[in-house]
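Survey of secondary and tertiary structure
What follows is the residue order along each chain.
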Amino acid sequence: MKAVTYTDGKPSEGEIPADCASRLREVGAWLSSHGDAIYGTSGFAATPWGAITRRGNRLYAIACTTGTLELPVVGLKPITVTDAPSVVVIDCDGEPRRAKSRAELTAEGVPLPPDADGVYRLLAVDAALRGRTIRLEEQDRAGNVGFWTDPADTVEWFVEARGEFDVVLRYAVNPGAGGDFRIVAGTAELTGTVTSTGGWNRFAEVAVGRVKIDGLVSVAVKPIRFNHAMMNLAGLRLAPVK
């Protein structure tokens, strides 16, 4: 743990500047209420929104921001935090296991949270890849799903939402490849066609249609028919209809 030292340039006098003293009082007050999340725990995971500590099968999510916060823990859904800083106590049925990747959480059925605008950005790097030939190509941070040569292979995410969403697909197709696909979101289904974008690394977007979602659903891209290979899939974007 990193120690932070406050000084006003006169350490020999042992004085604490008024602004530092005020901040230290705030820290002390917070620890009086939430010390269980710190004392006697071990670090479990650092997150974009704060940190998670652990004592046995109990996790403490220390949230520095509000909103829907994803937990990098296999089997746990995102939590909703309305006040920050705060601590959410989570009792696990067994020993908590940290996910190695977002895709591992997806494979367990954990839904992806929306961004601040309510848009679900379903990236290839976060997808569960189900099949024989498809795999993630990490050409950049988000990557893309490639080597899609088996029509039985599918790409899947999970979202928990309510309302209507416009669906946009981002893809690349080499000349001579591509074909028809369907997107299944719960009970809703859309179909579309991808044709050559000029190369496997030349990505384009196509609006596929609108779906209605009510609750926790799987969102999957499945081939119908294609020539040689389906596509390089960068992901989907689900934007709420205003």
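See the structure shown above.
Here we summarise the structure given alongside this text.

What counts and how
Residues numbered from 1 in each chain as written. Predicted model: local features only at pLDDT ≥ 70, side-chain atom pairs only at ≥ 80, totals over all residues. Heavy atoms only, no water. 1 Å grid on protein atoms, 1.4 Å probe; cavity = no way out; pocket = protein on both sides within 12 Å on 5 of 7 lines; lining within 4 Å. Points joined across faces, edges and corners; volume = space filled by probe spheres on them. Helix = DSSP H or I, 4+ residues; strand = E, 2+ residues; numbered from the N terminus. Nonpolar A, V, L, I, M, F, W, Y, C, P; charged D, E, K, R; others polar. Core = buried A, V, L, I, M, F, W, Y, C linked by side-chain atoms within 4.5 Å. Buried < 20%, exposed > 50% of the residue type's maximum accessible area, 1.4 Å probe, protein only. Contact = heavy atoms within 4.5 Å. Salt bridge = Lys/Arg side-chain N within 4 Å of Asp/Glu carboxyl O. Pairing = 2+ DSSP bridges. Axes fitted to C-alpha atoms, helices over the stretch in contact; angles between N-to-C directions.

A word on the layout of surface pockets
Rolled over the atoms, a probe sized like a water molecule indicates the empty space that remains. Volume-wise, the largest pocket comes out at about 620 Å³. What lines the largest pocket is a set of 26 residues, and nearest its centre among them are Pro48, Glu70, Arg102, Leu112 and Pro113. Contributing elements (two or more residues each) for the lining of the largest pocket: β1 (42-47), β4 (67-69), α2 (102-107) and β7 (120-123). Looking at the lining of the largest pocket, its residues break down into 14 nonpolar, five polar and seven charged.

Brief notes about the nonpolar core
With 36 residues, the main nonpolar core has Leu169, Met231 and Leu236 as its most contacted residues. Elements with a minimum of two residues in this core: β7, β11 (154-172), β12 (178-185), β13 (188-194), β14 (204-227) and β15 (232-240). For this core, the element with the highest residue contribution is β11, accounting for eight residues. Beyond its immediate stretch of four places on either side in the chain, Leu236 contacts Tyr120, Arg121, Leu122, Trp157, Val167, Val168, Leu169, Ile183, Val219 and Val221. Listed in part, the 15 residues of the second largest apolar core include Phe44, Leu71, Leu76 and Cys92.

Brief notes about the pattern of salt bridges
Applying the stated rule across the entire model yields 13 salt bridges. Arg102 is paired through a salt bridge with Glu70; the nearest N and O atoms lie 2.5 Å apart. Of the two residues, Arg102 is situated in helix α2 and Glu70 in the loop between β4 and β5 (79-81); the sequence distance between them amounts to 32 residues. You can call Arg102 buried: its relative accessible area is 11%. In this structure, Arg182 engages Glu189 in a salt bridge whose closest nitrogen and oxygen atoms are separated by 3.4 Å. Looking at Arg182, the relative accessible area reads 27%, which means it is partly exposed.

With respect to the pairing of β15
Side chains on a regular strand alternate between the two faces of the sheet. Note: β7 against β15, four bridges, orientation antiparallel. What sits directly across from Leu123, in β15, is Gly235. Looking at chain direction, β11 and β15 are connected through eight bridges and run antiparallel. Each residue of the ladder has a partner; that of Tyr171, found in β15, is Leu233.

A closer look at the sheet that holds strand β3 (residues 58-63)
Overall, antiparallel pairing links the four strands, which are arranged β1-β2-β3-β6 in an open sheet. Looking at the sheet topology across the chains shown, the edges are occupied by β1 and β6 (86-91). Looking at each pair of strands side by side, their axes are set apart by 20 degrees on average, direction ignored. Looking at chain direction, β3 and β6 are connected through six bridges and run antiparallel. Bridge assignment links Arg58 to a residue of β6, and that residue is Asp91.

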